[in-house]
Amino acid sequence: MIWENNKECISREDLEQLQLERLQSTIYRVGTHVPFYRKKFNELKLEYDKISSLDDLRRLPFTLKQDLRDNYPYGLFAVPLREVVRVHSSSGTTGMATVVGYSQNDIKTWSNLVARILCAAGVTHDDVIQIAFGYGLFTGGFGLHYGAERLGASVIPISAGNTKRQIQIMQDFKTTALVCTPSYALKMADVMMDMGINPHGLSLRYGLFGAEPWSESMRREINERLGIRATDNYGLSEVMGPGVAGECQECNGLHINEDHFLVEVIDPETLEPVEPGEIGELVITTLTKEAFPVIRYRTRDLTRLLPDSCPCGRTFKKMSRILGRTDDMLIIKGVNVFPTQIEAILFEIEGTEPHYNLVVEREHNEDKVTVMVEVVESIFFDAMKKQRALIDMIRKRLASELGIGVDVRLVEEKTLERFEGKGNRVIDKREL
Ligand SMILES: [Zn+2]
């Protein structure tokens, strides 16, 4: 089912016209109401009533997280505070908060876009949705909550934490859809096992996961262990919160709500657009936000736009799952390399463990990369010939994906250091 057929299946031509009109009015809005943008436009000598095509987007300035911090708390709002009905805030890793606001219309739009994403994932008004995101200044809980109500589903606003109680409620209230982070879904599966509960005996059918990067193999594990269909969705509070993009039931990339968000993928070093389909930093311009519009917001999230049209019928472009953060990017032999690319390949190769290290050295003025890969015991003690074949295969796959040659070394299971959460798997010995 498609929540808004006339919008989500719009022709590309009509969409681009709509995007241009909305871009023009957004630029006018921020140029007249937000001193930060007015100053930037003036510096660039940008006559903002002369934006006549979507390509003109590239003439506009970027907005950084630091700009939000510098204008803390309300400096980037485009409406007076009396028109703001909701405020959310994110603390970020460095602790300095950023603040975002919503008008009455913004909340309506937000709810509707989240309803689209729930619907795309297969959820309907007949479902019972358990929202295990934190409710509060973080946009996850309230974003999904309003979207689920808009859809007409039955919402259980349980919020985060207390896993045993979550599972008890899931059993008693016959939850059919779970909303949380993918890692929390796996934790629930573990706790169910400890409690002697078989997840396949529950009513659970759907999982809508977001708010952290995850992998295809993690999806498989969640699907198998919980007996559900897991879909990915994406959003960030600086742009709106959840509802920016989400997967349909093809489970192969996230449709971007392009009638409300204009996206670009850029090289984080040169700030130029990458070639179509290449990995780069996602940059988002809001097209309909009233209280807190952003122009070319640099998300620091890495993704790629997928070229193919989707069998589901939606015409909105799809992006791949988030592949990492720009902070993780390495430049090796002048090529941008993302550790997550390596991880994705290792996941697909039989016998390798998802534990690896990447060692970068500089020898005779040339970068040298060694990927240390843990392999299962049976392979590690296998004949040299088999090991060589595996090394060759990994090396070829990595070379074709990364565009640079790397060395590969197999190491025994459990020899590489384990990290809690996002580990730093890169050992850069270059003195740059
Ligand atoms: Zn689709």
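Residues numbered from 1 in each chain as written. Predicted model: local features only at pLDDT ≥ 70, side-chain atom pairs only at ≥ 80, totals over all residues. Heavy atoms only, no water.

**A word on the sheet that holds strand E6 (residues 206-209)**
- With respect to topology, nine strands assemble into an open sheet ordered E4-E3-E5-E6-E7-E8-E9-E14-E13, the strand pairing being mixed. The two strands at the open ends of the sheet, each matched to only one other strand, are strand E4 (154-156) and strand E13 (305-306).
- Pairing of strand E9 (residues 254-256) with strand E14 (residues 318-319) involves two bridges; the strand directions are antiparallel. Considered in E14, the bridge of His255 is made with Lys318.
- Helix-sheet contacts for helix H9 (residues 216-226) involve E6, strand E7 (229-236) and strand E8 (241-247), and the interaxial angle to E7 is about 130°. (Pairing = 2+ DSSP bridges. Helix = DSSP H or I, 4+ residues; strand = E, 2+ residues; numbered from the N terminus. Contact = heavy atoms within 4.5 Å. Axes fitted to C-alpha atoms, helices over the stretch in contact; angles between N-to-C directions.)

**Observations concerning the packing of aromatic side chains**
- Overall, the coordinates contain eight aromatic pairs when judged by the stated rule.
- Centre to centre, the rings of Phe36 and Tyr37 are 4.9 Å apart; their planes meet at 75°, and the pair counts as edge-to-face.
- Under the relative-accessibility criterion, Phe36 is labelled buried at 14%.
- Measuring from centroid to centroid gives 5.8 Å for Phe77 and Phe292, while their planes differ by 85°, and the two rings are edge-to-face. You can see Phe77 sitting in the loop between helix H4 (65-70) and strand E1 (84-90) and its partner Phe292 sitting in the loop between strand E11 (280-286) and strand E12 (297-303), a full 215 residues away along the chain. The residues Phe77 and Phe292 share a single accessibility class, namely buried.
- Cluster of aromatic residues (ring-pair linked, three or more members): Phe36, Tyr37 and Phe41. (Phe/Tyr/Trp six-rings, centres within 6.5 Å; stacked < 30°, edge-to-face > 60°. Buried < 20%, exposed > 50% of the residue type's maximum accessible area, 1.4 Å probe, protein only.)

**Concerning a nonpolar patch on the surface**
- Where nonpolar side chains cluster on the molecular surface, the patch consists of Tyr74, Leu81 and Val87 and spans about 240 Å² of accessible area.
- Of note, Leu81 is situated in the loop between H4 and E1.
- Judged by relative accessible area, Leu81 falls into the partly exposed class, the value being 43%. (Patch = residues over 30% accessible without salt bridge, like charges linked within 9 Å, V, L, I, M, F, W, Y side chains within 5 Å. Areas by Shrake-Rupley, 256 points an atom, 1.4 Å probe, with all protein chains shown as cover. Salt bridge = Lys/Arg side-chain N within 4 Å of Asp/Glu carboxyl O.)

**Things to note about the coordination of the zinc ion**
- Here the zinc ion is held by Cys248 (SG), His255 (NE2), Cys310 (SG) and Cys312 (SG), and the distances to it run 2.1 to 2.3 Å.
- For the zinc ion, the single-chain donor residues occur in sequence as C-x6-H-x54-C-x1-C. You can see His255 sitting in strand E9 and its partner Cys310 sitting in the loop between E13 and E14, a full 55 residues away along the chain. A single burial state applies to His255 and to Cys310, both of which are buried. (Donors = N, O, S within 2.8 Å, 3.2 Å for Na, K, Ca; no water.)

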